[in-house]
Amino acid sequence: MVKSNRLVPLEAVRGIAVLVVVTQHVLLAFSPATSGLLAVDRTETSIIGSSWFVLMNGPAAITLCFVLSGFVLCWALFAEGDTNRVARSFGKRLPRLAGLVLVTTVGSYLLFRYGQYHFTEAGAVSGSAWLKNFGFSGWTADFQPDLQGALLESVATFFMPVYTYNGLLWTMQHALIGGLLVLPVAMLLSLSLGYRWATAGALAVLLAAVLLYTSFLFPFLAGAALSFVLSRYRPRLPMILALPVLGAGLYLLGFLLPLGTYAWVSQAPPGVKDYAATLFHSAGSVLVIVAVLCSAGLYRRLDRRIWWALGRISFPLFLVHPLVICSASSAVYLDLSAQGTGPAALLVAMFAVSFGLSILLSVPLAWLDYRWCAWLEETARQLFPDRVAPAAPPPPLAEELAPQRSAAIGIGNVVDLRPPPLARPITPSGAASPAGQGTTG
């Protein structure tokens, strides 16, 4: 068990999601037909359409990270009513994300400047349009690296679609806006606790409006809504129920197109079919979080130091792995291909190099991110200090303790409303990156 004020199992889920993103990009770069993510690469043997696609479904994994951000950013307010922590999270949001973005963007500039990128040649050999075009980042053959431009882009990418030095920076604008949006929504929800049905109706209308207007914000609000619910109604899930809930969530996260196992989606009503990916991925993310937080067995298995470490490096790993794939991995791929290495051995080598070097680089970046977040937190606390808790009243006599019971949300069994017997009590996370230290939020 890790002694921390963070929700370590959710950090583990975030880290696993980032590993899925890395897996997707290794396959996109060096074996594009395996996943079949792009239509031009799709064959009859592509995994897309199978429930196993969840292991390489990058879009679903990114949605899961967004849902986690919405959940964690709001948890301190809903669980403790800590408005000062919410204010600190709001103020830290941009600088917290921008720190590592700046570092990795400058790193990409240096790779360009000293000719260490080999994605064009490697993409021509592997037949990957994604790799040959630097992850569809907007890069063109006449691109000239510029340090001042890299510095400007590391900030501009949060406000406009500019991510020439790293194709994955398209997510940063969503992470910033989504994280800033859920915090005032959380404040409004906390003020309307006495009007539960009205609050639920207003939240449903808001979710529907956001989905229709800009679907990328929907996962953040879904995470905030789940945080609101679980802070008040946390059902106990025995393993026999938690595993089917987790399985259903993973099945929904495996969807991308109405093919194979998911062909039935093509028969869904237009309102569902048009937004199926956003709805399925958000719903699947919610089910995964519920299974992990409401099952003592799953919680204990993920509340361990190895998962804490994975969560700590998840944000650096997310940002640095495209640079590794397009530089070192591409160089090794070209060398092994020239030696006549078989496709299977070549793909194994690409996974080893891409994962190994990316994780190795993520460790010092995670330390740098930790120090940066610690400084931001200290600065924010000077502006919004923690509240001084009032003295606790004496505990009631044993005979006065009468457990309240109520129907569990979405499960159908009757449970005690007090926190479940987890390995340790769930305590509010520091606002994710997406505030806090060592996580994307």
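It should be emphasised that the depicted structure is a prediction, and the values quoted were computed from it without experimental measurement.

Novice: For the pattern of salt bridges, give the residues involved together with the corresponding values.
Specialist: A full pass over the atoms with the stated rule returns four salt bridges. Here Lys 92 and Glu 377 are joined by a salt bridge, their closest N and O atoms 2.4 Å apart. Of this pair, Lys 92 sits in helix α4 (residues 83-113) while Glu 377 sits in helix α16 (residues 343-383), and the two are 285 residues apart along the sequence. Exposure remark for Lys 92: the relative accessible area of 7% places this residue in the buried category. Classification of Glu 377 by relative accessible area gives buried; the value is 14%. Residue Asp 369 pairs with Arg 96 through a salt bridge whose shortest N-O separation is 2.9 Å. In this pair, Asp 369 sits in helix α16 while Arg 96 sits in helix α4, placing the two residues 273 residues apart along the sequence.

Novice: Outline the layout of surface pockets, supporting the account with residue identities and numerical values.
Specialist: In this approach a probe as big as a water molecule rolls over the atoms, and the regions it shows empty are the leftover space. In this structure, the second largest pocket spans a volume of roughly 550 Å³. Along its surface, the second largest pocket is lined by 30 residues, and Gln 24, Gly 58, Pro 59, Ile 62 and Trp 170 are the ones closest to its centre. Elements that contribute at least two residues to the lining of the second largest pocket include exactly α1 (8-30), α3 (58-80), α8 (170-191), α13 (276-294) and α15 (305-338). Top contributing element to the lining of the second largest pocket by residue count: α3, with five residues. Here the lining of the second largest pocket is composed, by residue class, of 18 nonpolar, 12 polar and no charged.

Novice: Tell me about the environment of Arg 301, residues and numbers included.
Specialist: Structurally, Arg 301 is set in helix α14 (residues 296-302). It is 8.2 Å that separates the C-alpha atoms of Arg 301 and Pro 9, two residues lying 292 residues apart in sequence. Sequence-distant contacts of Arg 301, that is, excluding residues within four places in its chain, are made with Met 239 and Trp 307. A polar side-chain atom of Arg 301 sits 2.9 Å from the main-chain carbonyl oxygen of Gly 297.

Novice: Account for the packing of helix α11 (residues 239-253) against α13, naming residues and giving values.
Specialist: As a packed pair, α11 and α13 sit with axes 7 Å apart at the nearest point and diverge in direction by 155°. Classified by the interaxial angle, the pair formed by α11 and α13 is roughly antiparallel. Between α11 and α13 lies a crossing of left-handed hand. Contact with α11, carried on its side by Ala 242, Val 245, Leu 246, Ala 248, Gly 249, Leu 250, Leu 252 and Leu 253, involves Phe 280, His 281, Ala 283, Gly 284, Ser 285, Leu 287, Val 288 and Ala 291 of α13 and no other residues of that element.

Novice: Go over the nonpolar core, please, and point to the residues and values.
Specialist: Counting residues in each nonpolar core, the largest one holds 99 residues, and the members touching the most others are Phe 71 and Leu 131. With near-sequence residues (within four places) excluded, Leu 131 lies in contact with Ala 29, Phe 30, Phe 119, Ala 122, Gly 123, Ser 126, Ile 325, Cys 326 and Ser 330. Formed by six residues, the second largest nonpolar core is a distinct cluster that contains Phe 255, Tyr 262, Val 265 and Ala 276.

Novice: Just give me the short version of α4, but keep the residues and values in it.
Specialist: The end-to-end C-alpha distance of α4 is 46 Å, a good match for the 45 Å that 31 residues give at a rise of 1.5 Å each. Remark: the principal bend of α4, roughly 50°, maps to Lys 92, with a proline, Pro 95, within the next four residues. Directly after α4, the chain includes Gly 115, whose backbone phi takes a positive value near 65°.

Novice: So what about the side chain of Thr 157? Which residues, and what values?
Specialist: Inspection of the secondary structure assignment puts Thr 157 in the loop between α7 (147-156) and α8. Not counting residues up to four positions away in its chain, the partners in contact with Thr 157 are Val 101, Val 162, Tyr 163, Leu 169 and Gln 173.

Novice: Tell me what's going on with the environment of Trp 367, and back it up with residues and numbers.
Specialist: Within the secondary structure, Trp 367 is located in helix α16. Overall, Trp 367 belongs to the exposed group, its relative accessible area being 55%. Between the alpha carbons of Trp 367 and Pro 316 there is a distance of 9.7 Å; along the sequence they are 51 residues apart.

Conventions and cut-offs
Position labels on residues start from 1 in each chain and follow its written sequence. Whole-chain, interface and lining totals are the exception, using all residues; otherwise, since this is a predicted model, local features are given only for residues with pLDDT of at least 70 and side-chain atom pairs are given and counted only at 80 or more. Heavy atoms from the whole structure form the basis of all side-chain values; hydrogens and water molecules are not counted. Between Lys or Arg on one side and Asp or Glu on the other, a salt bridge is scored when a side-chain nitrogen of the former is within 4 Å of a carboxyl oxygen of the latter. Numbering goes from the N terminus for both helices and strands, where a helix is a DSSP run of H or I of at least four residues and a strand is a run of E of at least two. Buried means the residue's accessible area, taken with a 1.4 Å probe over protein chains only, is under 20% of the maximum for its type, while exposed means over 50%, and partly exposed covers the values in between. A cavity here means a set of points on a 1 Å grid, drawn over the protein atoms and nothing else, where a 1.4 Å probe fits but cannot get out; a pocket is an open set with protein on both sides within 12 Å along at least five of seven lines, and a residue lines either one if it has an atom within 4 Å of a point. Grid points are joined across faces, edges and corners, and a volume is the space filled by probe spheres set on the points. Gly is placed with the polar residues, together with every amino acid not listed as nonpolar (Ala, Val, Leu, Ile, Met, Phe, Trp, Tyr, Cys and Pro) or charged (Asp, Glu, Lys and Arg). Contacts between residues were defined by any pair of non-hydrogen atoms, one from each residue, lying within 4.5 Å. Here a polar contact is taken to be a pair of N or O atoms separated by no more than 3.5 Å, where protein atoms must pair a possible hydrogen donor with a possible acceptor and residues adjacent in sequence count only if both atoms sit in side chains. Only the stretch in contact is used when a helix axis is fitted, and all axes are lines through C-alpha atoms; the angle between N-to-C directions ranges over 0 to 180 degrees. These descriptions rest on fixed angle ranges, namely under 35 degrees for roughly parallel, over 145 for roughly antiparallel, 65 to 115 for roughly perpendicular, and the rest for oblique. Crossing handedness follows the turn of the near helix against the far one: under a right angle anticlockwise gives a left-handed crossing, and clockwise gives a right-handed one. Residues belong to a common nonpolar core when they are buried Ala, Val, Leu, Ile, Met, Phe, Trp, Tyr or Cys residues joined through side-chain atoms within 4.5 Å. Here the expected length of a helix is defined as 1.5 Å per residue gap, with one fewer gap than residues. Bend is computed residue by residue as the angle between axes fitted to the seven residues ending at the residue and the seven residues starting at it.

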